[in-house]
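Here are the chains, one letter per residue:
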Amino acid sequence: MECHPHARLARLVPCLFQFVLGALLAATGATSRAQTPGNWAVRETGTTANLWAIVAAERPSNVPSTVPRQLVVVGEQGVILTSTDAGETWIRCESGTTAWLTGVAYSDAARRFVAVGEGGTILSSSDGVTWSRETSPTPLRLNAVINAGSGHFQAVGEAGAGLLERSNDGLDQWARIDAGFGTRSMRGLLPSLAVGDGGGIFARAESTGQPVPAQSWNLVPTPSLADLDALAPAATADGYLTSVIAVGANGTILERSPSTGGGFVQRPSGTTERLRGVSYKFGAALRVITLTVQVLLGERFVVGNAGTLLRSADGNVWQRDSVPTTHNLNAVTADETFVFIVGDAGTILKGGGSTQAPVIISQPTMGYTSSGEPYIEALATGPGALTYFWMQVTGSRPIGLNARLLSPNHFFPNSGPPIYQLYVANAFGIAMSEITAPQRFLNLSARAAVGLGDSTLIGGFTVASPSPEQKRTLLIRAVGPTLAQFGVTHALAAPRLSVYSGSQLIATNTGWSGQANAAAIADAARQVAAFPLANPSADSALLLDLAAGNYTAQVESVGGATGTALVEVYDLGAPTTARLANVSTRSLVNPGGAELISGFVISGGLRKTVLLRAAGPALAGFGLTSALARPRLTLFRGTTAIASAGAWIQSANPSALSEAARRIGAFAFPANSADAALLIELEPGAYTLQVTSEDGGSGVALAEVYEVF
């Protein structure tokens, strides 16, 4: 037989309405996670009385969050305990009664605690220590009391007690309202819901959201006839406190939320013990103002007979937690940090919610998909479902909900700086990191036929920096044999790579895998997501730290053979003011398939204006006699042509082309020449520039890609 009052005086069960709300755009389907017994500590109370209810007082706005909220516990024989040090120590208060106290509430608006209990007892206190009796309109036992908002209190009790209401008028007067509960005893209460005998759930008829007045309540359908002892609100994915959990006899847990269609459904609890108390504890607190959908994170706690403690992150899946007691547990509440449970024989347990917030194990890094789409990616670990939430700092707007954020520039094409923040959340907390996306060319490449004399493949590039000491780490490659893996049938068998600054040779290589730093070259290729070179192979590569200046990467044939080669320049440097600024590629173009193809990648979160040029006739001014007469350039993203241009002077904006070339220091095209040019604003991503002949002729052309400031 139970030693609870309802074994002697029918059922006495507390209802507690105490919660803290936090919000975050986030995940669905989170699951709960059990803790070890060591996370729950027994606190000395100095009493063996059964404890029935607990409340954590609201904290006034002028009180720092580091100050613990006052806790008040009530129980049998008029016991009242209070703590002001987060439940570490408890003092016994003089209640002036020996009545069994079954419910307690606090209102910051009224600056008042209220306790209720046996024989219609109502006590109030302004400090939680000194208590006085208030006149009650009923002699029947009251089972629960709540803060109904605006300084009002409401209470429910045994059959015939009805709904009691205390207004905030300073008169300390309670009024009884016949709410239509009939012969049911009511033991759990919210401002618009009440629960009690026989699965009875009543909803206030005028659901206006206002706490008072409360005139008429209607019985609502429920899936269980079990006696219900308590209920509490919880947060749901719509960003509001629309989820309600009710608990009671036979392990009953009922939930109402938008996902249940607004009605109550029964959730499996895994126990047949009587469940007596329920509360919600926030887990993470970040409110995303600009989103229309928010998910609130937190844990739901349910306590009951024989040391039963259940917890859930979503209200659907419940798991049992171990506690260091087998006493009946009667009520539970939470503040910002801790969870407090009270029960029989003076039991008070103190614990935390789960402390296992996510951990970001791979910080945000930038990369590009095989189709050239830019992304930022991170990886986190932690219990339960993880939510990845990206924000762009400028404008503080959300832009992505996955571990990989694709094409961030699509959201913010004209704003900056391109700083992205990542929040990873589970039901227990948040981890945060950020990345500054560099606005720069990430890599430049060109593929063309390599022959002798003027048919040498020459790639030119510029490193821009405001100071000589700032250098860029560049990976430069001349790929021949490995191209056969990609279906190139006439790949250059043995390319030689030489890097020049003006006429000065800086470095040269033939056969990358034979170098002392071959491992570093392979690692650099992995960092920039470049395809791996065969090992061993005759492909060539150099890893260089280069200061500001103009450079050329020349690809020649070892042994005099001809074939197709690819020259690549990758920027490995961190986002500093030094950067890879432009590229040019010179090679032979003819209608037999030996077109000049130049590729480049723009990184970062913003659009970038680039000047693209295909020089042919203008090369005659530099002494080249075999220049392509009528070049045409076509810009591709993936396999889609997005722009094309012929003779620059016939374009819609020849003056803008001329001015852009002047600003960046590019040599001027002759007036009325057939050289091609295009000034275009591009999103971050991978592009290819193809140079062909408009009239079917052949000759040497120069493809140029310039960053325009």
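Further up the page is the structure itself.
So, here is what we can say about the structure in this document.

How each quantity is defined
Residues numbered from 1 in each chain as written. Predicted model: local features only at pLDDT ≥ 70, side-chain atom pairs only at ≥ 80, totals over all residues. Heavy atoms only, no water. Pairing = 2+ DSSP bridges. Helix = DSSP H or I, 4+ residues; strand = E, 2+ residues; numbered from the N terminus. Axes fitted to C-alpha atoms, helices over the stretch in contact; angles between N-to-C directions. Buried < 20%, exposed > 50% of the residue type's maximum accessible area, 1.4 Å probe, protein only. Arc of directions from axis to C-beta. Contact = heavy atoms within 4.5 Å. Polar contact = N/O pair within 3.5 Å; in protein donor to acceptor, adjacent residues only side chain to side chain. Salt bridge = Lys/Arg side-chain N within 4 Å of Asp/Glu carboxyl O. Patch = residues over 30% accessible without salt bridge, like charges linked within 9 Å, V, L, I, M, F, W, Y side chains within 5 Å. Areas by Shrake-Rupley, 256 points an atom, 1.4 Å probe, with all protein chains shown as cover.

1. What to know about the sheet that holds strand β15 (residues 193-196)
To summarise the sheet geometry, strands pair through backbone hydrogen bonds and adopt either a parallel or an antiparallel arrangement. Judged by pairing direction, the sheet is antiparallel, and its four strands sit side by side in the order β14-β15-β16-β17 without closing on themselves. At either end of the open sheet lies a strand with only one pairing partner, and these are β14 (186-190) and β17 (217-219). Averaged over all neighbouring strand pairs, the angle between strand axes comes to 25°, with direction disregarded. Summarising the sheet, strand β16 (residues 201-204) and β17 pair through three bridges and their orientation is antiparallel. Residue pairing in the sheet places A203 in a bridge with N218 of β17.

2. Focus: helix α2 (residues 518-527)
Taken together, the buried positions of α2 are A518, I521, A524 and A525. On an axial view of α2, the arc spanned by its buried residues comes to 120°, and they lie on one face. What points out from α2, more than 90 degrees from its buried face, is the exposed set A519, R526 and Q527. As for α2, its buried residues are in contact with β38 (472-479) and β41 (540-546).

3. Quick look at the side chain of S124
Considering the arrangement of structural elements, one finds S124 in strand β8 (residues 122-125). A polar atom in the side chain of S124 sits 2.7 Å from the side chain of E134. Those residues within four positions of S124 in sequence are excluded, and the remaining contacts are R112, F113, V114, T130, W131, S132 and E134.

4. So, the pattern of salt bridges
Summed over all chains, the structure comprises 17 salt bridges. Two residues, R613 and E704, come together in a salt bridge whose shortest N-O distance is 2.8 Å. Of this pair, R613 sits in strand β46 (residues 608-615) while E704 sits in strand β51 (residues 699-707), and the two are 91 residues apart along the sequence. E704 shares its class with R613; the two are buried. Among the charged side chains, a network of salt bridges with common partners joins R187, D197, D229 and R274.

5. Description of the pairing of strand β26 (residues 329-334)
Among the six residues that make up β26, six are buried, leaving the element largely enclosed by the rest of the structure. As judged from the five bridges shared by β26 and strand β27 (residues 338-343), these two strands associate in the antiparallel manner. Directly across from V332, in β27, lies its bridge partner I341.

6. As for the sheet that holds strand β4 (residues 80-83)
The sheet built from four strands is open, its strands ordered β2-β3-β4-β5 with antiparallel pairing. Strands at the two margins of the open sheet, each flanked by one partner only, are β2 (51-56) and β5 (91-93). On average, adjacent strands in this sheet sit at an angle of 25° to one another, irrespective of strand direction.

7. Describing unusual backbone geometry
The step from N535 to P536 runs through a cis peptide bond, and the omega angle for that step is 0°. Relative to the helices and strands, P536 is located in the loop between α2 and β41. In this model, A86 sits at a positive phi of 60°, which is unusual for a non-glycine residue. Relative to the helices and strands, A86 resides in the loop between β4 and β5.

8. Description of helix α3 (residues 654-664)
Listing the buried residues of α3 in full gives L657, A660 and A661. Projection of α3 onto a plane perpendicular to its axis shows the buried side chains occupying an angular sector of 100°, all on one side. Of the exposed residues in α3, those oriented more than 90 degrees away from the buried face are S655 and R662. As for α3, its buried residues are in contact with β46 and β49 (676-682).

9. Focus: a nonpolar patch on the surface
A surface patch of nonpolar side chains, amounting to about 270 Å² of accessible area, comprises V359, I361 and L379. Mapped onto the fold, I361 is located in strand β29 (residues 359-368). Residue I361 is classed as exposed on the basis of its relative accessible area of 52%.

So yeah, pure geometry; function would need other evidence.
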